Amino acid sequence: MSTAGETLGDLTKRQLENLCGAVGIDPDDPSRLLGDVLGAARDRPLAGPPAWPSDIADDATPVEFSVQVNDGGDRHLRILAETLPADPSPTANLRAAKDLVAALAERYDLPLDRLRAVEDLFSPDEPQGRFSWWFSFIFDAAGRPKFKVYFNPDVRGRDRAEELVEEAFARLGLDGAHLTVSDYALRRPADRLTFFALDLDRSPQSRVKVYVSQHDAGVAEVQHAASAAPGIDQGQVGDFCRLLAPGTERFTGRPLVSSYSFVQGDREKPSNYSLYLPLRDYVPDDSVARERVRRHLRERRVDPAMLDEVIGALTDRDLASQAGLLAHVSLRLSPDQTGTTVYASSEAYGGTKN
Ligand code: TRP
């Protein structure tokens, strides 16, 4: 929680340092990157309004934290963020994102070939939709960052989303991927492409990821979406939904989101499926959210104490006062590994609003 006179940068840095403590990594690099990505928003006092209605979080905070836990127990800290310039606008925000990519590429020697191959598609003169480019920083056990860039398929208008994503896949040598996505996850008008994302690293596991928001879906629809990924246990998708949102037949609040990852060597079929459940819309408050996530972690044989460490790193508010701190929970399924990610809001601007 913020204290008098505190800036967005101060509060989120404190939260991030606490989270670094919880996952056991050195906070230096993460803090520097957080400052970089906050950009001109960093020094704004929290007593004033947000610089821009960022869609990263419900209350317009332009960053969101998450902790990924493999069923083996490994934890990775991540930051999802929108970078903001001094005078935000759709065009200026896109410019700021490109400048940040350039600075990070130089500092961390990032390979930009895949980004260069598709960036023009996602960089119109007048960007539309909720954002143009977002970032995530993923820290390994040694605290070293990996980078991911998210593009908005709606950036040239909603009606062009499929065309953009199909072209982006083709340019990346994944011609068959689009067909798989349309067959398994874009079957209804309420299924909408939401993000197209690239890992910026040289490893063979470097991913091309696509996300589909499945508005008003039930378990059957997302289970079908999961069946696109060979060799995974789709049944887990249903268990996950039933445990986190018991009694919910249709997810009519914020949508379930299905995502596929394609890596080198994948042709038309993805090597991973993940389901994101916007928990905050399916719980009365965060104390209930916490109970359900604890139960899920226990079932996956992950020590649920990790959840309280994450919550404690961010806030000391009464969890029963509102929902929204635990924004999403995701389940990642691949043939050789499963994992859970808990997305936790900074609530820099007071939490739930949007
Ligand atoms: N706040 C947006 C939403 O809830 C974007 C977002 C942030 C998101 N973190 C996410 C979407 C995790 C899916 C999963 O839609």
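The name an unreviewed UniProt entry gives the chain is Aromatic prenyltransferase, DMATS type, with Saccharopolyspora flava as the organism.

Asks: Quick question: what am I supposed to make of the packing of aromatic side chains here?
Replies: Any aromatic ring pair is given by two values, namely how distant the centres are and how the planes are angled relative to each other. Per the counting criterion, the structure on display carries 17 aromatic pairs. For the pair F122 and F151, a centre-to-centre distance of 4.7 Å together with 10 degrees between the ring planes defines the contact as stacked. Of this pair, F122 sits in the loop between α4 (113-118) and β3 (133-139) while F151 is found in strand β4 (residues 145-151), placing the two residues 29 residues apart along the sequence. Across this residue pair, the class does not change: F122 and F151 are buried. Ring centres 5.4 Å apart and planes at 75 degrees place the aromatic pair F169 and F262 in the edge-to-face group. A residue pair is termed long-range when its members are at least 10 positions apart, and F169 in helix α5 (residues 161-171) and F262 in strand β7 (residues 256-262) qualify at 93 residues. Considered together, F169 and F262 belong to a single accessibility category, that of buried residues. Feature note: the residues F131, W134, Y150, F195, Y211, Y276 and Y343 constitute an aromatic cluster, connected by ring pairs.

Asks: I'm lost on unusual backbone geometry in this one. Help?
Replies: Where the residue is not glycine, phi is negative for most of them; where a peptide bond is considered, it is trans in most cases. Phi is positive for A60, which is not a glycine, with a value near 75 degrees. Residue D216 is not a glycine yet carries a positive backbone phi of 60 degrees. Take D216: its relative accessible area is 35%, and that puts it in the partly exposed class.

Asks: Please clarify how the sheet that holds strand β9 (residues 326-333) should be interpreted in this entry.
Replies: What the 10 strands build is a closed barrel, ordered β1-β2-β3-β4-β5-β6-β7-β8-β9-β10; its pairing is antiparallel. Strand-to-strand, the axes of this sheet are offset by a mean angle of 20 degrees, without reference to chain direction. Strands in contact with helix α1 (residues 8-23) are β1 (63-70) and β2 (75-81); relative to β2, the strand with the most contacts, it is inclined by about 160 degrees.

Asks: Is there a simple way to explain helix α9 (residues 286-299) in this structure?
Replies: Residues spaced three or four apart along an α-helix face the same direction, because each turn holds 3.6 residues. Its 14 residues give α9 an end-to-end C-alpha distance of 20 Å, which sits within 8% of 20 Å, the value for a rise of 1.5 Å per residue. Looking at the residues trailing α9, positive phi occurs at R301, about 60 degrees.

Asks: Hey, could you run me through the side chain of E119 in this one?
Replies: As for its placement among the helices and strands, E119 is situated in the loop between α4 and β3. Excluding residues within four positions of it along the chain, E119 makes contact with K98 and W133.

Asks: Before we go on, may I ask you to explain the packing of α1 against helix α2 (residues 28-38) in this structure?
Replies: Relative orientation of the contacting elements α1 and α2 amounts to 150 degrees, with a least axis distance of 10 Å. Our classification of the angle between α1 and α2 gives roughly antiparallel. Crossing hand, α1 versus α2: right-handed. Contacts from L8, G9, T12, K13, L16, E17 and C20 of α1 reach α2 at P30, S31, L34 and L38.

Asks: It is not clear to me how empty space enclosed by the protein should be interpreted in this structure. Could you clarify?
Replies: By rolling a water-sized probe across the atoms, one finds the places where empty space is left. Counted by the stated rule, this structure contains 4 cavities of 30 Å³ or more. A volume near 70 Å³ is recorded for the largest cavity. In terms of lining residues, the largest cavity is bounded by I56, A57, D58, D59, E64, R280, G324, A327, S345, E347, G351 and T352. Here the lining of the largest cavity is composed, by residue class, of 3 nonpolar, 4 polar and 5 charged. Quantified by volume, the second largest cavity comes out at close to 60 Å³. Lining the second largest cavity we find Q68, R78, K148, R207, K209, S274, Y276, S330, R332, T341 and Y343. Among the elements of the structure, β8 (272-277), β9 and β10 (338-345) are those that each provide at least two residues to the lining of the second largest cavity. Considered class by class, the residues forming the lining of the second largest cavity number 2 nonpolar, 4 polar and 5 charged.

Asks: Just to check I follow, could you spell out the pattern of salt bridges for this structure?
Replies: Pairing of side chains with opposite charge becomes possible as their charged atoms draw close. Taken as a whole and judged by the stated rule, the model has 26 salt bridges. A salt bridge links E119 to R116; its shortest N-O distance comes to 3.1 Å. With a relative accessible area of 15%, E119 lands in the buried category. Measuring nitrogen to oxygen at the nearest pair gives 2.6 Å for the salt bridge that ties R254 to D281.

Asks: Whenever I open this one, the site of the ligand confuses me. Can you help?
Replies: In the vicinity of the ligand, the residues found are D55, I56, E64, L80, R130, W134, F195, Y276, R280 and H328. A distance of 2.7 Å is found between a nitrogen atom of the ligand and a backbone nitrogen or oxygen belonging to D55. Take E64: an N or O atom from its side chain is 2.7 Å from a nitrogen atom of the ligand. Surface burial for the ligand is 89%, taken as the share of its 350 Å² of free accessible area covered by protein chains. Residue composition of the shell around the ligand, grouped by class: 5 nonpolar, 1 polar and 4 charged.

Asks: How should I be thinking about the nonpolar core in this particular structure?
Replies: Considering soluble globular proteins, one finds that nonpolar side chains tend to be buried as a cluster. Of all hydrophobic cores here, the largest spans 103 residues; its most connected members are F122, F169, F196 and Y273. Aside from chain neighbours lying at most four places away, what touches F169 is L174, D175, A177, H178, V181, F196, V208, V210 and F262. Core analysis: the next-biggest nonpolar cluster, separate from the first, contains 11 residues, L80, F131, W134 and V257 among them.

Analysis parameters
- Residues numbered from 1 in each chain as written.
- Predicted model: local features only at pLDDT ≥ 70, side-chain atom pairs only at ≥ 80, totals over all residues.
- Heavy atoms only, no water.
- Phe/Tyr/Trp six-rings, centres within 6.5 Å; stacked < 30°, edge-to-face > 60°.
- Helix = DSSP H or I, 4+ residues; strand = E, 2+ residues; numbered from the N terminus.
- Buried < 20%, exposed > 50% of the residue type's maximum accessible area, 1.4 Å probe, protein only.
- Pairing = 2+ DSSP bridges.
- Axes fitted to C-alpha atoms, helices over the stretch in contact; angles between N-to-C directions.
- Contact = heavy atoms within 4.5 Å.
- Expected span 1.5 Å × (residues − 1).
- Parallel < 35°, antiparallel > 145°, perpendicular 65-115°, else oblique.
- Left-handed = near helix turned anticlockwise from the far one by under 90°.
- 1 Å grid on protein atoms, 1.4 Å probe; cavity = no way out; pocket = protein on both sides within 12 Å on 5 of 7 lines; lining within 4 Å.
- Points joined across faces, edges and corners; volume = space filled by probe spheres on them.
- Nonpolar A, V, L, I, M, F, W, Y, C, P; charged D, E, K, R; others polar.
- Salt bridge = Lys/Arg side-chain N within 4 Å of Asp/Glu carboxyl O.
- Near = heavy atom within 4 Å.
- Polar contact = N/O pair within 3.5 Å; in protein donor to acceptor, adjacent residues only side chain to side chain.
- Areas by Shrake-Rupley, 256 points an atom, 1.4 Å probe, with all protein chains shown as cover.
- Core = buried A, V, L, I, M, F, W, Y, C linked by side-chain atoms within 4.5 Å.

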